[in-house]
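Structure at a glance
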Amino acid sequence: GAGVSQSPSNKVTEKGKDVELRCDPISGHTALYWYRQSLGQGLEFLIYFQGNSAPDKSGLPSDRFSAERTGGSVSTLTIQRTQQEDSAVYLCASSLGTAFQETQYFGPGTRLLVL
Amino acid sequence: AQSVAQPEDQVNVAEGNPLTVKCTYSVSGNPYLFWYVQYPNRGLQFLLKYITGDNLVKGSYGFEAEFNKSQTSFHLKKPSALVSDSALYFCAVRDNTGRRALTFGSGTRLQVQP
């Protein structure tokens, strides 16, 4: 079946602009995660959604970052007033459930470049 | 707190030789360990995981990993490397004490020479 999809695949923006990144998880997966991959910081957790529960936002680096998940499926990560240090690859993952042994399946990522 | 260490930034191996990519971890509770591979300009692809039971876990593309509780290690291995195995490999962990997100190592670049 279809895997996790993300759009756009690449995004170039100017400092100070807002950007929206989209993630479409695997059908039937109830958990959705956002991670960021950057040269200096490696792979960092950003936010996690599970069903109707309150999201775990503990990884968001600042209040310029927010995310929502509509209808328990598609998620949008929004970065307001982008800064050059926001340049990174943003990866989305989904898993069937929230058991600790569940495998997270990753999308291809969105490569964000802030000029 | 959870942490993962991949002590080698790069591993070089000749095609046909065995390969090992090292990973050690630190968790509070019971560990759940994962290996992912990343090819250029691609997302992370799941290789294998350890949950419980047999310490030797077999995964995709002939890879396997050995869980060693006393050494808190989960090294990735393959008996015979292929040039196509050249990629970036990430070890990840979470435990059963609450946080669902994975904690990743810094990654090891595997270069298999023909």
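Report follows, based on the coordinates. (Residues numbered from 1 in each chain as written. Chains lettered and ligands numbered in written order. Predicted model: local features only at pLDDT ≥ 70, side-chain atom pairs only at ≥ 80, totals over all residues. Heavy atoms only, no water.)

**Section: the overall build of chain A**
Threshold: Put simply, DSSP marks the helices as runs of H or I at least four residues long and the strands as runs of E at least two long, and each gets a number from the N terminus on. It is over C-alpha atoms that the radius of gyration is taken, and the globule rule equals 2.2 Å times the number of residues to the power 0.38. Working definition: with a 1.4 Å probe on protein chains only, accessible area under 20% of the residue-type maximum means buried, over 50% means exposed, and in between means partly exposed. Here a residue-residue contact requires only that any non-hydrogen atoms of the pair lie within 4.5 Å. Areas reported as accessible are Shrake-Rupley estimates using a 1.4 Å probe. Residue values count occlusion only from the protein chains shown. Positive charges are assigned to Lys and Arg, negative charges to Asp and Glu, while His and the chain termini are left out of the count. Taken as the charge location is NZ of Lys, CZ of Arg, CG of Asp or CD of Glu.
Helix and strand content of chain A: zero helices and 10 strands. Overall, chain A shows an N-to-C arrangement of helices and strands of β-β-β-β-β-β-β-β-β-β. Over its C-alpha atoms chain A spans a radius of gyration of 13 Å, differing by no more than 12% from the 13 Å that the globule rule assigns to 115 residues. The principal-axis extent of the C-alpha atoms belonging to chain A is close to 40 × 30 × 25 Å. Put simply, chain A has 115 residues, and 48% of those count as buried. In chain A, once contacts between residues fewer than 6 apart in sequence are set aside, the share between residues at least 24 apart is 55%. Summed over its atoms, the accessible surface of chain A is roughly 5500 Å², and 46% of this surface lies on carbon and sulfur atoms. For chain A, the separation between the mean place of its 10 positive charges and that of its 11 negative charges on side chains is 4 Å.

**Side note on the packing of aromatic side chains**
Rule in force here: Stacked, edge-to-face and tilted are the three classes for Phe, Tyr and Trp ring pairs, Trp counted by its six-membered ring, which pair at centre distances within 6.5 Å; planes under 30 degrees apart are stacked, over 60 edge-to-face, the rest tilted.
Enumeration according to the criterion identifies 17 aromatic pairs over all chains in this entry. Taken together, a centroid distance of 6.1 Å and an interplanar angle of 75° make the contact between F106 of chain A and F104 of chain B edge-to-face. Of this pair, F106 of chain A sits in strand β9 (residues 105–106) while F104 of chain B sits in strand β11 (residues 103–104), placing the two residues on different chains. With centroids separated by 6.3 Å and ring planes inclined at 90°, the aromatic side chains of F90 of chain B and F104 of chain B adopt a geometry described as edge-to-face. Placement of the pair is F90 of chain B in strand β10 (residues 87–95) and F104 of chain B in strand β11, with a sequence separation of 14 residues.

**Quick notes on the interface of chain B and chain A**
Quick reminder of the rule: Buried area is a sum: the accessible area each of two parts loses on coming together, probed at 1.4 Å, counted once for each and added. Here a polar contact means two N or O atoms within 3.5 Å. Within protein one must be a hydrogen donor candidate and the other an acceptor candidate, and residues neighboring in sequence count only if both atoms are side-chain atoms. Under the scheme applied here, ten amino acids are nonpolar (Ala, Val, Leu, Ile, Met, Phe, Trp, Tyr, Cys and Pro), four are charged (Asp, Glu, Lys and Arg), and all others, including Gly, are polar.
Each partner contributes residues to the interface: chain B has 23 residues there, and chain A has 20 residues. Across the interface of chain B and chain A, roughly 1800 Å² is buried in total on both sides, 57% from carbon and sulfur atoms. The three residues of chain B that bury the most area against chain A are L44, R94 and R100 of chain B, which together make up 31% of that side's buried surface. At the junction of chain B and chain A, the tally comes to nine residue pairs in polar contact (both at pLDDT 80 or more). Looking at the side of chain B that touches chain A, the elements with two or more residues in it are β5 (31–38), β6 (44–50) and β10 of chain B. Broken down by class, the residue content of the side of chain B that touches chain A amounts to 11 nonpolar, six polar and six charged.

**Describing the sheet that holds strand β7 (residues 75–79) of chain A**
All names here are of chain A. This is how the line gets drawn: Being paired, for any two strands, means DSSP has found at least two bridges between them. What counts as an axis is a line fitted to C-alpha atoms, over the stretch in contact for a helix, and the angles between N-to-C directions run from 0 to 180 degrees.
The sheet built from four strands is open, its strands ordered β1-β3-β7-β6 with antiparallel pairing. The outermost strands of the open sheet, each flanked by one partner alone, are β1 (5–7) and β6 (65–69). Along the sheet, successive strands turn relative to each other by an average axial angle of 15°, direction set aside. Strand direction decides the pairing type here: strand β3 (residues 19–24) and β7, joined by five bridges, are antiparallel.

**A look at the pattern of salt bridges**
Residue and element names in this part refer to chain B. Selection rule: Salt bridge, as used here, is a side-chain nitrogen of Lys or Arg placed within 4 Å of a carboxyl oxygen of Asp or Glu.
A complete count under the given rule lists six salt bridges over all chains for this structure. Of the charged contacts in the structure, one is a salt bridge between K58 and E64, with a shortest N-O distance of 2.9 Å. Judged by relative accessible area, which is 18%, E64 ranks as buried.

**Considering the pairing of β5 of chain B**
Residue and element names in this part refer to chain B. The buried fraction of β5 amounts to eight of the eight residues, a majority that puts the element mostly inside the structure. Neither face of β5 is open: one carries P31, L33, W35 and V37, the other Y32, F34, Y36 and Q38, and all of them are buried. Across eight bridges, β5 lies against β10 in antiparallel orientation. Of the residues in β10, the one forming a bridge with Q38 is L88.

**Some remarks on the state of the cysteines**
Our working rule: In plain terms, two cysteine sulfur atoms within 2.5 Å form what is called a disulfide here.
As enumerated under the stated definition, the model contains two disulfides over all chains in all. Sulfur-sulfur distance for the disulfide between C23 of chain A and C92 of chain A comes to 1.8 Å. Across the S-S bond of C23 of chain A and C92 of chain A the torsion is about -65°, and the bridge reads as left-handed. With a gap of 69 residues between them, C23 of chain A in strand β3 and C92 of chain A in strand β8 (residues 88–95) connect regions that are remote in the sequence. You can call C23 of chain A buried: its relative accessible area is 0%. Take C92 of chain A: its relative accessible area is 0%, and that puts it in the buried class. The side chain of C23 of chain B participates in a disulfide bridge whose partner is C91 of chain B; the two sulfur atoms lie 2.0 Å from each other. The S-S bond linking C23 of chain B to C91 of chain B shows a torsion near -60°; that makes this disulfide left-handed. With C23 of chain B in the loop between β3 (19–21) and β4 (24–26) and C91 of chain B in strand β10, this residue pair connects regions lying 68 residues apart in the sequence.

Honestly, it's all geometry; don't read function into it.
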